[in-house]
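Working through the structure, step by step
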Amino acid sequence: MTTIDPTPAAAISALATWYVEWGVETATTDSPADWYAAAAAARDRLLRDRPRAADSAPAPAGEGARMRGARAPAPAVPRADPAAVDPLSPESAAALARSHAGAARSLAELEQAIRAFDGCALKATASNTVFADGNPEADLMLVGEAPGAEEDRRGLPFVGQSGRLLDRMLKAIGRDRGSVYITNVLPWRPPGNRTPTPAEIAACLPFALRHIALVRPKLVVAVGGVSAKALLDRPEGITRLRGRSATLDLPGLAGPLPVFATFHPAYLLRQPAQKRLAWGDWLRIAEILEKQSSPVP
Ligand code: URA
């Protein structure tokens, strides 16, 4: 009978786990990929495809969020002419994203625009573009951070371990994927699930904001600190932002859209003691939706 020496088996297992944690499982080709060449090609496409000033959509009026009783609305980011700035700069990528996102008139057009967008280098290392899941007619829209390994493999948001906890929290308030709509600020997985950089967030945020404007939910839930800070344009962490009422002003919407921030399920898996606060948040979310749908007496 063959016996396996446990020492090399444990070492191989530890090495495989380490690879998975750092995103090496995305290297699924037979030959090595030159990501520097991929990034250079993306940059060249960006240069070639950049819109001329005349092609740009109008500047979003008053785009930004405000926290009730807190500081004044953030001034709208001045709209840069994508053709007039360095195409490699984060400002240029964000300007290009604003232009392409603003031109999308439907979810299908937005998805197409995101898939065609080469202004975020994460696209080069991701296996899939993760657009959305759930019901686009839902009154509740959840916006997470970015796909993880499982989401990247399957092309759907929140289908890994934290997604399963999210599903349980939704179930606790009588919801499931048929009655919510789910997306992320970033449609591409950061390698090894690292935190996205400010430049990556800035390059993808215009698509997320347009996504919200096209869905027109009654309530947006920012799931986790990256989403809350990006959507609300606030510097504080999630422990300060969660559980507070805020609104988001988006072009194309009749009025300010309520936004509620809560903990990310991945954080709750690491810090189960915080589930008590999260439970309070989800009850509050259910209450806000209930109030919005009940007829005014
Ligand atoms: N975490 C997120 O923020 N989004 C996902 O889709 C999965 C994990």
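Please refer to the structure higher up on the page.
Residues numbered from 1 in each chain as written. Predicted model: local features only at pLDDT ≥ 70, side-chain atom pairs only at ≥ 80, totals over all residues. Heavy atoms only, no water.

Side note on the overall build of the protein chain
Tallying secondary structure elements over the protein chain gives 12 helices and 7 strands in all. Burial analysis of the protein chain (297 residues in total) assigns 43% to the buried set. Partitioning the intrachain contacts of the protein chain with sequence separation of at least 6 by distance along the chain shows that 74% fall at a separation of at least 24. (Helix = DSSP H or I, 4+ residues; strand = E, 2+ residues; numbered from the N terminus. Buried < 20%, exposed > 50% of the residue type's maximum accessible area, 1.4 Å probe, protein only. Contact = heavy atoms within 4.5 Å.)

Describing the site of the ligand
Within the structure, the ligand sits among G144, E145, A146, P147, G148, E151, P157, F158, S162, N184 and H264. Here an oxygen atom of the ligand and a side-chain polar atom of H264 are 2.8 Å apart. The protein chains hide 93% of the 230 Å² of surface that the ligand would expose on its own. Partitioned by chemical class, the residues of the shell around the ligand number 4 nonpolar, 5 polar and 2 charged. (Near = heavy atom within 4 Å. Polar contact = N/O pair within 3.5 Å; in protein donor to acceptor, adjacent residues only side chain to side chain. Areas by Shrake-Rupley, 256 points an atom, 1.4 Å probe, with all protein chains shown as cover. Nonpolar A, V, L, I, M, F, W, Y, C, P; charged D, E, K, R; others polar.)

Here we look at the packing of helix α4 (residues 107-116) against helix α8 (residues 198-215)
It is at 10 Å that the axes of α4 and α8 come closest, and there the two elements cross at 170°. Considered as vectors, α4 and α8 are oriented roughly antiparallel to each other. Contacts between α4 and α8 pair L107, L110, A113 and I114 from the former with F207, R210, H211, L214 and V215 from the latter. Looking at the contact of α4 with α8, its residues break down into 7 nonpolar, 1 polar and 1 charged. (Axes fitted to C-alpha atoms, helices over the stretch in contact; angles between N-to-C directions. Parallel < 35°, antiparallel > 145°, perpendicular 65-115°, else oblique.)

What to know about the environment of A103
Tracing the backbone shows A103 in helix α3 (residues 90-103). For the pair formed by A103 and R210, sequence separation is 107 residues and the distance between their alpha carbons is 9.4 Å.

Some remarks on the packing of aromatic side chains
Any aromatic ring pair is given by two values, namely how distant the centres are and how the planes are angled relative to each other. Evaluated as defined, the whole model comprises 2 aromatic pairs. Considering the side-chain rings of F117 and F207, the 5.0 Å spacing of their centres and the 65° angle between planes classify their relative orientation as edge-to-face. Taken as a pair, F117 in the loop between α4 and α5 (122-125) and F207 in helix α8 lie far apart in primary sequence, 90 residues in all. With relative accessibility at 1%, the residue F117 sits in the buried group. Ring geometry for F263 and Y267: centres 5.0 Å apart, planes at 35°, overall tilted. (Phe/Tyr/Trp six-rings, centres within 6.5 Å; stacked < 30°, edge-to-face > 60°.)

Some details on unusual backbone geometry
With a phi angle near 50°, F158 is a residue other than glycine that sits in the positive phi range. Secondary-structure assignment places F158 in the loop between α6 (149-154) and α7 (161-172). With phi around 55°, D233 is a residue other than glycine that occupies positive phi space.

Points about the pairing of strand β7 (residues 257-262)
The buried fraction of β7 is high, at 6 of 6 residues. On β7, burial covers both faces: L257, V259 and A261 on one face and P258, F260 and T262 on the other are all buried. Pairing analysis gives 4 bridges linking strand β5 (residues 219-223) to β7, with the strands arranged parallel. Bridge pairing in β7 places V221 opposite F260. (Pairing = 2+ DSSP bridges.)

Some thoughts on the packing of α8 against helix α9 (residues 225-232)
For the pair α8 and α9, the least separation of the axes is 10 Å and the interaxial angle reads 75°. Considering the angle they form, α8 stands roughly perpendicular to α9. Residue-level contacts link I201, L205, L209 and I212 of α8 to V226, A230 and L231 of α9.

Some details on the nonpolar core
One finds L142, I212, W282 and I285 to be the most contacted residues of the largest nonpolar core, which totals 68 residues. For this core, the leading source of residues is α8, giving 10 residues. For L142, the contacting residues outside a window of four places in its chain are L166, L170, Y181, I182, T183, V221, V223 and W282. (Core = buried A, V, L, I, M, F, W, Y, C linked by side-chain atoms within 4.5 Å.)

Quick look at the pattern of salt bridges
According to the stated counting rule, one finds 11 salt bridges in the structure shown. The shortest N-O distance in the salt bridge between E200 and R194 comes to 2.8 Å. The partly exposed category is assigned to R194, whose relative accessible area is 34%. A salt bridge links E236 to R234, with the shortest nitrogen-to-oxygen separation between them at 2.7 Å. The pair formed by E236 and R234 is uniform in burial state, with each residue classed as buried. By sharing partners, the salt bridges in this structure join D133, D167 and R177 into a single network. (Salt bridge = Lys/Arg side-chain N within 4 Å of Asp/Glu carboxyl O.)

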